[in-house]
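Take a look at the letters that make up each chain.
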Amino acid sequence: MDRKLGGLVLGVLLLSGCRTATVEWVAAGGSKADATVKLTHRLSNVRDVQADKQQALDLATQRCLAWGYSGAVPFGSQSVVCNASNQFGCTARSVAVEFQCTGQTH
């Protein structure tokens, strides 16, 4: 195998091993009286991390349904808190988003 082809094969193999990490949202608070749901997930210094927005909306909607509301909508912003750092900067973060429950079912 010539050097160019060998380099190409090696590059493809290395790239195929790189995957995008997906994080799971978890309920972290909220208020039935205020009709709000707070969700969080943690990030480390992993490249190409994606948080599933649909999973967050589904989780918030489930919580709102359990409280007697008919749905949920995101407030549109997120907060990020650094949980751990070293000499190179922040190494672990918590990301939080809030949702507003909508529509009474009763």
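Reading guide: rules and limits
Residues numbered from 1 in each chain as written. Predicted model: local features only at pLDDT ≥ 70, side-chain atom pairs only at ≥ 80, totals over all residues. Heavy atoms only, no water. Helix = DSSP H or I, 4+ residues; strand = E, 2+ residues; numbered from the N terminus. Buried < 20%, exposed > 50% of the residue type's maximum accessible area, 1.4 Å probe, protein only. Contact = heavy atoms within 4.5 Å. Pairing = 2+ DSSP bridges. Disulfide = S-S within 2.5 Å. 1 Å grid on protein atoms, 1.4 Å probe; cavity = no way out; pocket = protein on both sides within 12 Å on 5 of 7 lines; lining within 4 Å. Points joined across faces, edges and corners; volume = space filled by probe spheres on them. Nonpolar A, V, L, I, M, F, W, Y, C, P; charged D, E, K, R; others polar. Core = buried A, V, L, I, M, F, W, Y, C linked by side-chain atoms within 4.5 Å.

> Could you clarify how one ought to interpret the overall build of the protein in this entry?
Helix and strand counts for the protein come out as 2 helices and 6 strands. Looking at the protein residue by residue over its 106 residues, the buried ones come to 24%. Taking the contacts inside the protein whose residues are at least 6 apart along the sequence as the reference set, 62% of them involve residues at least 24 apart.

> Got a minute to help me understand the pairing of strand β3 (residues 36-44) in this structure?
Every regular strand shows the same layout, with side chains that alternate between the two sheet faces. Judged from the 5 bridges that link them, strand β2 (residues 26-31) and β3 form a sheet pairing that is antiparallel. Paired with Val26 across the bridge in β3 is Thr40. Counting the residues that bridge the hairpin from β2 to β3 gives 4 residues, and of these Ala35 lies at a positive phi of roughly 60°. Looking at chain direction, β3 and strand β6 (residues 89-104) are connected through 9 bridges and run antiparallel. For Leu39, the partnering residue across the bridge sits in β6 and is Val97.

> Whenever I open this one, the state of the cysteines confuses me. Can you help?
Where two cysteines share a covalent bond between their sulfur atoms, that bond is called a disulfide. Under the counting rule described, the total for this entry stands at 2 disulfides. Covalently, Cys64 is tied to Cys101 through a disulfide, its sulfur atoms 2.0 Å apart. Residues Cys64 and Cys101 are joined by a disulfide whose S-S torsion is about -75°; by sign, that bridge is left-handed. Placement of the pair is Cys64 in helix α2 (residues 53-66) and Cys101 in strand β6, with a sequence separation of 37 residues. Considered together, Cys64 and Cys101 belong to a single accessibility category, that of buried residues. There is a disulfide in this structure between Cys82 and Cys90, and the S-S distance comes to 2.3 Å. Residues Cys82 and Cys90 are joined by a disulfide whose S-S torsion is about 115°; by sign, that bridge is right-handed.

> Just to check I follow, could you spell out the layout of surface pockets for this structure?
One way to see where empty space is left: roll a probe the size of a water molecule over the atoms. Approximately 250 Å³ is the volume found for the largest pocket. Along the wall of the largest pocket there are 14 residues; nearest its centre are Trp25, Lys53, Gln78, Val97 and Phe99. Of all the elements in the fold, those that place two or more residues in the lining of the largest pocket are α2, β5 (69-86) and β6. Among the elements that line the lining of the largest pocket, the one with the most residues is β5, at 5 residues. When grouped by side-chain class, the residues that make up the lining of the largest pocket number 8 nonpolar, 4 polar and 2 charged.

> Explain the nonpolar core to me, please; I cannot follow it from the model alone.
Core analysis: the biggest nonpolar cluster contains 14 residues, and Val37, Leu39, Phe99 and Cys101 have the highest contact counts within it. Elements represented by at least two residues in this core include exactly β3, α2, β5 and β6. Considering every element that reaches this core, the biggest residue donor is β6, with 4 residues. With residues near it in sequence (within four places) discarded, Val37 still touches Gly29, Gly30, Ala60, Arg63, Cys64, Trp67, Val97, Glu98, Phe99 and Cys101.

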